[in-house]
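Spelled out from the first residue to the last, the chains are:
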Amino acid sequence: MAVAMQVELLGIPRQRAGVAELEIEAATLGQLLDALAARYPSLADLFRAGRADRLGPFVAANLNGDRFVTDPRTRLAATDRILILSADAGG
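Computed from a predicted structure; not experimentally measured. Numbering of residues begins from 1 in every chain and follows the order in which that chain's sequence is written. Owing to the predicted nature of the model, reporting of local features is limited to residues with pLDDT of at least 70; listing and counting of side-chain atom pairs is limited to 80 or more, with chain, interface and lining totals taken over all residues. To get the side-chain values, take all heavy atoms of the structure and skip hydrogens and water.

As for the sheet that holds strand β3 (residues 59-63)
Part 1 of the argument: Pairing between two strands is assigned when DSSP locates at least 2 bridges connecting them. Labels follow the DSSP assignment, with helices taken as runs of H or I lasting at least four residues and strands as runs of E lasting at least two, numbered in each case from the N terminus. One open sheet holds the five strands; their spatial order is β2-β1-β5-β3-β4, and the pairing between them is mixed. The outermost strands of the open sheet, each flanked by one partner alone, are β2 (21-26) and β4 (67-69). On average, each strand axis in the sheet is tilted by 35° relative to the strand beside it, whichever way the strands run.
Part 2 of the argument: As paired strands, strand β1 (residues 3-9) and strand β5 (residues 81-86) are joined by four bridges and run parallel to one another. Comment: axis = line fitted to C-alpha atoms, over the contacting stretch for helices; angle = value between 0 and 180 degrees taken between N-to-C directions.

Quick notes on unusual backbone geometry
Part 1 of the argument: Positive phi values are uncommon outside glycine, yet N64 reaches one of about 60°.
Part 2 of the argument: Per-residue accessibility, obtained with a 1.4 Å probe over protein chains only, is compared with the maximum for each type, and a residue is labelled buried under 20%, exposed over 50%, and partly exposed between these values. Exposure remark for N64: the relative accessible area of 32% places this residue in the partly exposed category.

Considerations on the pattern of salt bridges
Part 1 of the argument: Basic side-chain nitrogens of Lys or Arg form a salt bridge, by our definition, when they fall within 4 Å of a carboxyl oxygen of Asp or Glu. In total, this model carries five salt bridges according to the counting rule given.
Part 2 of the argument: One salt bridge in this structure joins R81 and E21, with 2.8 Å as the shortest N-O distance. Of this pair, R81 sits in strand β5 while E21 sits in strand β2, and the two are 60 residues apart along the sequence.
Part 3 of the argument: We classify R81 as partly exposed; its relative accessible area is 33%.
Part 4 of the argument: Residue D71 is joined to R73 by a salt bridge in which the shortest nitrogen-to-oxygen separation is 3.0 Å.
Part 5 of the argument: The class of D71 is partly exposed, set by a relative accessible area of 29%.
Part 6 of the argument: Judged by its relative accessible area of 65%, R73 falls in the exposed class.
Part 7 of the argument: Each of the salt bridges in this network shares a partner with another, and the network as a whole consists of E8, R14, E21 and R81.

Here's the deal with the nonpolar core
Soluble, globular proteins show a tendency: their nonpolar side chains are buried together.
Part 1 of the argument: The set of buried Ala, Val, Leu, Ile, Met, Phe, Trp, Tyr and Cys residues whose side-chain atoms join them within 4.5 Å is what this entry labels a nonpolar core. Ranked by internal contacts, the top residues of the largest apolar core, which has 24 residues, are V7, L32, L36, F47, I82 and I84.
Part 2 of the argument: Looking at this core, the elements that each hand over two or more residues are β1, β2, α2 (29-39), β3 and β5.
Part 3 of the argument: Among the elements that make up this core, the one with the highest residue count is α2 (five residues).
Part 4 of the argument: Working rule for contacts: check all heavy atoms of both residues, and any pair within 4.5 Å makes them a contact. Every residue in contact with F47, bar those within four places of it in the chain, is listed here: L33, L36, A37, R54, L55, V59 and I84.

A short note on the environment of P41
Part 1 of the argument: Relative to the helices and strands, P41 is located in the loop between α2 and β3.
Part 2 of the argument: With 25 residues separating them in the primary sequence, P41 and R16 have C-alpha atoms 9.0 Å apart.

Section: the side chain of S86
Part 1 of the argument: Mapped onto the elements, S86 comes out in strand β5.
Part 2 of the argument: Of the residues examined, S86 reaches a relative accessible area of 4% and is grouped as buried.
Part 3 of the argument: Discounting residues that sit within four places of it in the chain, S86 has contacts with L10, G11, I12, P13, F58 and V59.

Shown next, in the form of structure tokens:
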């Protein structure tokens, strides 16, 4: 079951989408990436459709500030916060 969660974009994903934060409904990381690519087609090439590692080589997804995730089957909850960032967004 898809749930709405907060998604924050940094670096190239933020620049391409033109937004810093949004709410997306998804049950898994893969669904979240698909929803982002559908809403913001300029992000589509950052996510590799049909691959086990859905994120391109210079993009990462962080779950709740605790860990980086790559498995598209990673389950998401309404209380989760996802950060999608590019390698150039480091501090």
